[in-house]
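Fold and geometry: a report
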Amino acid sequence: MQPGVADASEAMGYSLVVEFVSNLLVAFLLAWLLVRTNVKGVMNRAGFTFMLGATAWFAVNFSYWNWYQFPFGFILLEFVELGIGFFLAGLVLGWLMEKNAPAKA
């Protein structure tokens, strides 16, 4: 790959597609986990997905700080991104689940 704007934009386009597909896969996994749990209510589901995001953050990013001396500010912002991102995903998925729930007899 030779340096240049065209090469960088092509690589960035590919990376954006891969990032989108990976985020979509995470959303499907979150939806699957929510369907498989007994958690009821939009806010409870959002809290559940927040805890999943916090677990993912702790499993990966805490080690980055501990072993590789990543700046704490970076690690903290990763927590904000994962925590808020997973919480918002849980809100949307929880709302969709409530909206599409079968009517109670």
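Everything in this summary refers to the structure shown in the same document. (Residues numbered from 1 in each chain as written. Predicted model: local features only at pLDDT ≥ 70, side-chain atom pairs only at ≥ 80, totals over all residues. Heavy atoms only, no water.)

**Quick look at helix α3 (residues 72–99)**
In this model, α3 (28 residues) spans 40 Å end to end at C-alpha, consistent with the 40 Å of a helix rising 1.5 Å per residue. Along α3, the residues that are buried comprise Ile75, Leu82, Gly83, Phe86, Gly90, Leu93 and Gly94. (Helix = DSSP H or I, 4+ residues; strand = E, 2+ residues; numbered from the N terminus. Expected span 1.5 Å × (residues − 1). Buried < 20%, exposed > 50% of the residue type's maximum accessible area, 1.4 Å probe, protein only.)

**Brief notes about the side chain of Arg45**
Mapping Arg45 onto the fold places it in helix α2 (residues 42–68). Judged by its relative accessible area of 6%, Arg45 falls in the buried class. Excluding its chain neighbours within four sequence positions, the residues that come into contact with Arg45 are Leu34, Val39, Lys40, Gly90, Gly94, Met97 and Glu98. (Contact = heavy atoms within 4.5 Å.)

**Focus: the environment of Leu91**
Tracing the backbone shows Leu91 in helix α3. Remark: the alpha-carbon pair of Leu91 and Met43, spanning 48 residues in sequence, is separated by 6.7 Å. Excluding its chain neighbours within four sequence positions, the residues that come into contact with Leu91 are Val42, Met43 and Ala46.

**As for the pattern of salt bridges**
In the structure shown here, the tally under the stated rule is 1 salt bridge. With a closest N to O distance of 2.9 Å, Arg45 and Glu98 form a salt bridge. Residue Arg45 is located in helix α2, and its partner Glu98 is located in helix α3; the two are separated by 53 residues in the primary sequence. The exposure class of Glu98 is partly exposed, given its relative accessible area of 38%. (Salt bridge = Lys/Arg side-chain N within 4 Å of Asp/Glu carboxyl O.)

**Things to note about α2**
Between its first and last C-alpha, α2 extends 38 Å over 27 residues, near the 39 Å set by a 1.5 Å rise per residue. If you look at α2, its biggest bend is around 35 degrees, right at Phe58. Those residues of α2 that sit buried are Arg45, Ala46, Thr49, Gly53, Ala54, Trp57 and Asn61. (Bend = angle between axes of the 7 residues up to and from the residue.)

**Thoughts on a nonpolar patch on the surface**
On the surface, Phe58, Phe62, Trp65, Phe72, Leu76, Leu77, Val80, Ile84 and Leu88 cluster together into a nonpolar patch covering about 870 Å² of accessible area. Of all the elements in the fold, those that place two or more residues in the nonpolar patch are α2 and α3. Top element by residues in the nonpolar patch is α3. It accounts for 6 residues. If you trace the backbone, Leu76 turns up in helix α3. (Patch = residues over 30% accessible without salt bridge, like charges linked within 9 Å, V, L, I, M, F, W, Y side chains within 5 Å. Areas by Shrake-Rupley, 256 points an atom, 1.4 Å probe, with all protein chains shown as cover.)

**Quick notes on the packing of aromatic side chains**
Enumeration according to the criterion identifies 9 aromatic pairs in this entry. Ring centres 6.0 Å apart and planes at 80 degrees place the aromatic pair Phe50 and Phe79 in the edge-to-face group. Of the two residues, Phe50 is situated in helix α2 and Phe79 in helix α3; the sequence distance between them amounts to 29 residues. Using a relative accessible area of 27% as the deciding quantity, one classes Phe50 as partly exposed. (Phe/Tyr/Trp six-rings, centres within 6.5 Å; stacked < 30°, edge-to-face > 60°.)

**Things to note about the nonpolar core**
With 7 residues, the main nonpolar core is built from Leu30, Leu34, Trp57, Ile75, Leu82, Phe86 and Leu93. Elements supplying a minimum of two residues to this core: α1 (5–36) and α3. Take this core: its biggest share by element is 4 residues, from α3. (Core = buried A, V, L, I, M, F, W, Y, C linked by side-chain atoms within 4.5 Å.)

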